[in-house]
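Structure at a glance
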Amino acid sequence: MPGNERVCRLLKEIIQKPGNDACADCGAPDPSWGSCSLGVFICVQCSGIHRNIPYIGMKVKSLSLSRWEDQDVKFMAENGNELMKQRYEAVVPVYYYKPTHKDCQVLREQWIRAKYERKEFTGEGKKRTYEEGTRDGMLMKRGRDNGQFLNRRFVLSEREGTLKYFTKYDAKEPKAVIKVDSINAAFQPEKIGNPNGLQITYLKDYSTRNIFLYHDSGKEIVDWFNSIRAIQLHYLKVAFPGANDAELMPKLTRNFLKEGYMEKTGPRHTEGFKKRWFTLDHRRLMYYKDPLDAFAKGEAFLGHQDHGYSASPGLPAGTHCNGAWQHGITIVTPERSFLFTCETEVEQQDWLKHFNDVISIQMSPQEYSMEAMFRHKH
C-alpha cells in the first residue's frame, strides 16, 4: 500500500486535475496506474504496454498497491496528462489513428511506442515513414481459395492513388489494383487469428471484396494502416476542396459498426434459415458463409427511414422459423424484406439498435448514388 494516508490523499488530489481522470494514452476513464518516469496517469491495460518499454517502463506504479516516494508524488503533481500531451502529442498528423480503450492491442501499443519511445510527435523534424507518399513491402496475405497465408508484395502510391499487390516480388503485372479512395482498413485480430491482423475491404465491380493480411511486426502493420489513411486524406482534400479536416476524418478508414452470426432466410421467406456471418459497415449489411470469405454472399443497403426503410423485432406472422434461434428481426427496404434470427435477446437488441441508428441518419449525396447503384445491381 502507499506509504501513508497523506500520500494517498495527495495522489487523489492530483488525479482530480483536468486530464488526469482519463488514461493519457487510450482515454479509458479512472486510470489506476501512474508512470513516474513520464508523469502520466494510465489504465491497467496501457500500464502493461509501458512496462515492456525500456527506460520508461521501470517506474510504472499502481495508485493503490505500490509504494510511492515523495519525489514520485511531486513529479506527478508537476507534470500530469495535459502537460505531457502537449509535449508528446505536439504534432500528431491529423490522419494518424489515435486508438481508444476499445481498440486492439497492436494499435494501442504502437501509439504508445510512437509517442514515448520513438518520439514521433514531438515536432523535432522527424521524417515519418507513413508520410512518404509511397510504401513498398511484403505482407502475409490469406489465399482466397485455400485459406493459407502467403508472402505477397504490396505497393501503395499517392501519385497513382492505388494499392497494388503482386503474387511474386518481381512480377511485372499486379494481381490487383485497388483505388485508395475505395479502401477501408480495419484491425481484426480475433477474426484473422493473428494479433496484427488487418482486413482491407474495397469495391470491385460494385461488390465488396475482402483481403486479410498480417505482418509479424506490429510497427510495420500499423505504419501501413496510417500510410493508407495519409494518402486517403490527400485524395479527399482534392475531391472536397472546401471541406475541413473535421469533415474529412470520418471518411477515412472506419471500424465496422457490428459483426457476428445471425440466421437468415431467402427472399421468398419460405427457405430454411441458415447461419451466416454478418458485417454492418455503415449503410451496407453484408453476409458471408464464413467470416474470412473474400466476397459477400449478399448484401442489403440501409437507407433513411423516410424512404421506406425500417428495422423491428420479431418476424411477420406465419413465418416458419425452422432455425435454432428464435429472436427475430425484420428489416424492410423498398425492394424487399429481410428476415433474421439471433441466438439471444441481447444480440437481437444490439443489432436492432445499430440498424435503427443507421436508418435514422440523413443520407449524404454519395450515399444516394450508392443506393441507386445498389437498386440497379439488385
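Look above for the structure.
Anyway, here's the lowdown on the structure attached to this text. Residue indices begin from 1 for each chain and proceed along its sequence in written order. Under the rules for a predicted model, residues below a pLDDT of 70 receive no local features and side-chain atom pairs below 80 are neither given nor counted, while totals for whole chains, interfaces and linings still include all residues. Working from all heavy atoms in the structure, the side-chain values ignore hydrogens and water.

1. Quick word on the environment of I183
- Under the DSSP-based scheme used, a helix requires at least four consecutive residues in state H or I and a strand at least two consecutive residues in state E, with every element numbered from the N terminus. With respect to the helices and strands, the residue I183 is situated in the loop between β7 (176-179) and β8 (184-187).
- C-alpha of I183 to C-alpha of T129: the two residues are 54 residues apart in sequence and 20 Å apart in space.
- Beyond its immediate stretch of four places on either side in the chain, I183 contacts L163, I178, I200, T201, Y202, I228 and Q232. The contact criterion used throughout is that any non-hydrogen atoms of two residues lie within 4.5 Å.

2. Focus on unusual backbone geometry
- Its identity as a non-glycine residue notwithstanding, D30 has a phi of 55°, on the positive side.
- Structurally, D30 can be placed in the loop between α1 (5-15) and β1 (33-35).
- On the basis of relative accessible area, D30 is assigned to the exposed category, the value being 67%. With a 1.4 Å probe rolled over the protein chains alone, any residue whose accessible area is under 20% of its type maximum counts as buried; one over 50% counts as exposed, and the rest are partly exposed.

3. So, the packing of helix α5 (residues 105-117) against helix α7 (residues 218-239)
- Note on geometry: axes are C-alpha line fits, over the in-contact stretch for helices, and angles between N-to-C directions span 0 to 180 degrees. Viewed as axis vectors pointing N to C, α5 and α7 meet at an angle of 90°, and their least axial separation amounts to 10 Å. Between α5 and α7, the angle is such that the two are roughly perpendicular. Between α5, through V106, L107 and Q110, and α7, the contact on the second element is made entirely by G218, K219, I221, V222 and F225.
- All residues other than Ala, Val, Leu, Ile, Met, Phe, Trp, Tyr, Cys, Pro, Asp, Glu, Lys and Arg, Gly among them, are scored as polar; the first ten of these are nonpolar and the last four charged. For the contact of α5 with α7, the residue count by class is five nonpolar, two polar and one charged. Any angle between 65 and 115 degrees counts as roughly perpendicular, while under 35 counts as roughly parallel, over 145 as roughly antiparallel, and the rest as oblique.

4. Some points on the sheet that holds strand β12 (residues 274-281)
- DSSP calls a pair of strands paired once it identifies at least 2 bridges connecting them. Read from one edge of the open sheet, seven strands run β14-β13-β12-β11-β17-β16-β15, paired in antiparallel fashion. Edge positions in the sheet fall to β14 (298-301) and β15 (310-313), since each of these pairs with one other strand and no more. Ignoring which end each strand starts from, the neighbouring axes of this sheet average 35° apart.
- Looking at chain direction, strand β13 (residues 284-288) and β14 are connected through four bridges and run antiparallel. Following the sheet pairing, M286 is matched in β14 by E299.
- Sheet strands in contact with helix α9 (residues 345-359) are β11 (258-264), β12, β13, β15, β16 (327-332) and β17 (337-342), and its direction is about 110° off that of β11.
- Across the sheet, helix α10 (residues 365-377) is in contact with β13 and β14; its angle to β14 comes to roughly 135°.

5. Points about the packing of aromatic side chains
- Stacked, tilted and edge-to-face are the three classes applied to pairs of Phe, Tyr and Trp rings, where Trp contributes its six-membered ring and a pair requires centres within 6.5 Å; stacked means planes under 30 degrees apart, edge-to-face means over 60, and tilted covers the rest. The final tally for this structure, using the stated rule, is 18 aromatic pairs.
- Pairing F154 with Y165 gives two aromatic rings, centres 5.3 Å apart and planes at 25°, and the pair type is stacked. Placement of the pair is F154 in strand β5 (residues 149-157) and Y165 in strand β6 (residues 162-166), with a sequence separation of 11 residues.
- Aromatic side chains F154 and W224 sit 6.5 Å apart centroid to centroid with 75° between the ring planes, which places their arrangement in the edge-to-face category. Residue F154 is found in strand β5, and its partner W224 is found in helix α7; the two are separated by 70 residues along the sequence.

6. Details of the nonpolar core
- Nonpolar core, defined: a set of buried Ala, Val, Leu, Ile, Met, Phe, Trp, Tyr and Cys residues in which side-chain atoms within 4.5 Å join the residues together. Core analysis: the biggest nonpolar cluster contains 39 residues, and Y96, F154, L163, F187 and I200 have the highest contact counts within it.
- Elements represented by at least two residues in this core include exactly α5, β5, β6, β7, β8, β9 (198-204), β10 (207-214) and α7.
- No other element matches α7, which puts nine residues into this core.
- The next biggest cluster of nonpolar side chains, apart from the first, holds 22 residues, and it includes L280, L285, L302 and A311.

7. Notes on the pattern of salt bridges
- The salt bridge criterion pairs a side-chain nitrogen of Lys or Arg with a carboxyl oxygen of Asp or Glu, the two atoms within 4 Å. Applying the stated rule across the entire model yields 26 salt bridges.
- Here K115 makes a salt bridge to E89, at a shortest N to O gap of 2.8 Å. With a gap of 26 residues between them, K115 in helix α5 and E89 in the loop between α4 (81-88) and α5 connect regions that are remote in the sequence. Across this residue pair, the class does not change: K115 and E89 are buried.
- Notably, a salt bridge pairs D223 with K219, separated by 2.6 Å at the nearest N-O pair. One end of the pair is D223 and the other is K219, both in helix α7 and four residues apart, which spans about a single turn.
- Within the structure, one salt-bridge network assembled from shared partners comprises D25, E89, K98 and K115.

8. A look at the environment of K237
- Relative to the helices and strands, K237 resides in helix α7.
- A relative accessible area of 42% places K237 in the partly exposed class.
- Here the alpha-carbon distance between K237 and M76, two residues 161 residues apart in the chain, equals 41 Å.
- Residues within four places of K237 in sequence aside, it is in contact with D245 and L248.
- Any N or O atom pair separated by 3.5 Å or less is treated as a polar contact, with the protein-specific requirement of one donor-capable and one acceptor-capable atom, and with residues adjacent in sequence counted only for side-chain atom pairs. Within the local environment of K237, its side chain forms a polar contact with the side chain of D245, the two groups lying 2.7 Å apart.

Keep in mind that these numbers describe shape and distance, not what the molecule does.
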